[in-house]
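Structural overview
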Amino acid sequence: MTESGSLTNHASGSEARVEQAMTALMRSDSAAGDDERLTRTTIAAVRPWLVARSRRAYRRQVALAMTAALLPLPLIVAYDRALLEALYVVASSVLPGPLPAVAVGGYAVAAVLLLGATYAAIPLLVDAKLSTGRAPR
Amino acid sequence: MESDEALMVEIAQGSEPAFRELLRRYQRPLSGYLRRQSAGRAVDVSEVEDLFQEVWLRVARSAGSFRPSARFRPWLYRIALNVVRDFAGGRSPAAVDSRFEPVAEPTAREGAALEAERMLEALAPEQREVVMLRYYLDLSEAEMSEVLDVPRGTVKSRLHAAMSRLSTLAREKDAES
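This text gives an overview of the structure that appears in the document. Just so it is clear, the structure is predicted and the values come from calculations on it, not from any experiment.

This next bit is on the overall build of chain B. When its secondary structure is counted, chain B shows 8 helices and 0 strands. In chain B, the order of α-helices and β-strands from amino to carboxyl end is α-α-α-α-α-α-α-α. For chain B, buried positions account for 51% of its 177 residues. Pairs at least 24 apart in sequence give 67% of the contacts found in chain B among residues at least 6 apart.

Listed below in structure tokens is the structure:
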């Protein structure tokens, strides 16, 4: 940098000098240090927080999905009940003895199991969705 | 490539791969920034690593409150600056760690890096902050304003004061040699 330059030249000259020096400093810093070890120790330190966040997100998602799925449940139950009663009336007119009760009862048990399995699958589906989001890049 | 902000949204959900990716992107500039910002306070390598981990712990802890509309880079360096300030609050300036001093005749590149170290040491802390943010991390004035939580005008005046100081030092050095 020369003393004869104007104030502007001094400013831009020193700026260029600072830029060069900082670039050299950055390069020298990049060459030094054990990145791999620092990454490992940092992730080890942060992992408990990430796990806690992940669990919290999972619980929140499950709660939301369950709430959304349970909202129409009274309607589904009322509809199934009406359907079963109608089926029983029809079956009673066609089938003899206890057969209508057995057929409608079997259908009712199957419907309850299907409904239960659907609700039980919700946490698994949420977990699968979150896991897809966490897939390694 | 996912943006830093999108990765932060995933980190808020506890995604470790997203965290790894963000760490990979910022590891070198951040560790260099922490080392340089805390220089002159008897900081050794392990302490710089502690600061580095503390920054990322704060990132993980605050991920839930990070707004996706915000910019990640100034947010990260603001955390870094706060970590350094918290750390420096309990320390008085002292000799620079000898591990960063060259033991042999420096090469041209090492010489330039040494000149940069001397430049930074000659500056007041707030001037060093703006020079590091502008020239080492390549932040814009708007981003610097966010990091430092001061108006852009203040950033400009600090940068101007730092450059004037460096210009004076350079003239003095040239006159000596």
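Turning next to the packing of aromatic side chains. For any pair of aromatic rings, geometry is given as the distance between the ring centres together with the angle between the planes. Residue and element names in this part refer to chain B. Under the criterion given, the structure shown has 8 aromatic pairs over all chains. Each ring, one from Phe-72 and one from Trp-75, has its centre 6.0 Å from the other, and the planes form 45 degrees; the classification is tilted. Of this pair, Phe-72 and Trp-75 both sit in helix α4 (residues 72-89), 3 residues apart, which is roughly one turn of that helix. Feature note: the residues Tyr-26, Tyr-33, Phe-66, Phe-72, Trp-75 and Tyr-77 constitute an aromatic cluster, connected by ring pairs. A cation over an aromatic ring shows up here: Arg-134 above the ring of Tyr-135, its NZ or CZ 5.6 Å from the ring centre.

A separate point is the interface of chain A and chain B. Counting residues at the interface gives 41 residues for chain A, matched by 49 residues for chain B. Taking both partners together, chain A and chain B bury about 4300 Å²; carbon and sulfur atoms supply 60% of that area. Applying the counting rule to chain A against chain B returns 2 salt bridges. Residues Glu49(B) and Arg37(A) are paired through a salt bridge, measuring 2.5 Å at the closest nitrogen-oxygen approach.

Quick notes on the rules
Residues numbered from 1 in each chain as written. Chains lettered and ligands numbered in written order. Predicted model: local features only at pLDDT ≥ 70, side-chain atom pairs only at ≥ 80, totals over all residues. Heavy atoms only, no water. Helix = DSSP H or I, 4+ residues; strand = E, 2+ residues; numbered from the N terminus. Buried < 20%, exposed > 50% of the residue type's maximum accessible area, 1.4 Å probe, protein only. Contact = heavy atoms within 4.5 Å. Phe/Tyr/Trp six-rings, centres within 6.5 Å; stacked < 30°, edge-to-face > 60°. Lys NZ or Arg CZ within 6 Å of the ring centre and 35° of its normal. Buried area = accessible area lost by both parts, 1.4 Å probe. Salt bridge = Lys/Arg side-chain N within 4 Å of Asp/Glu carboxyl O.

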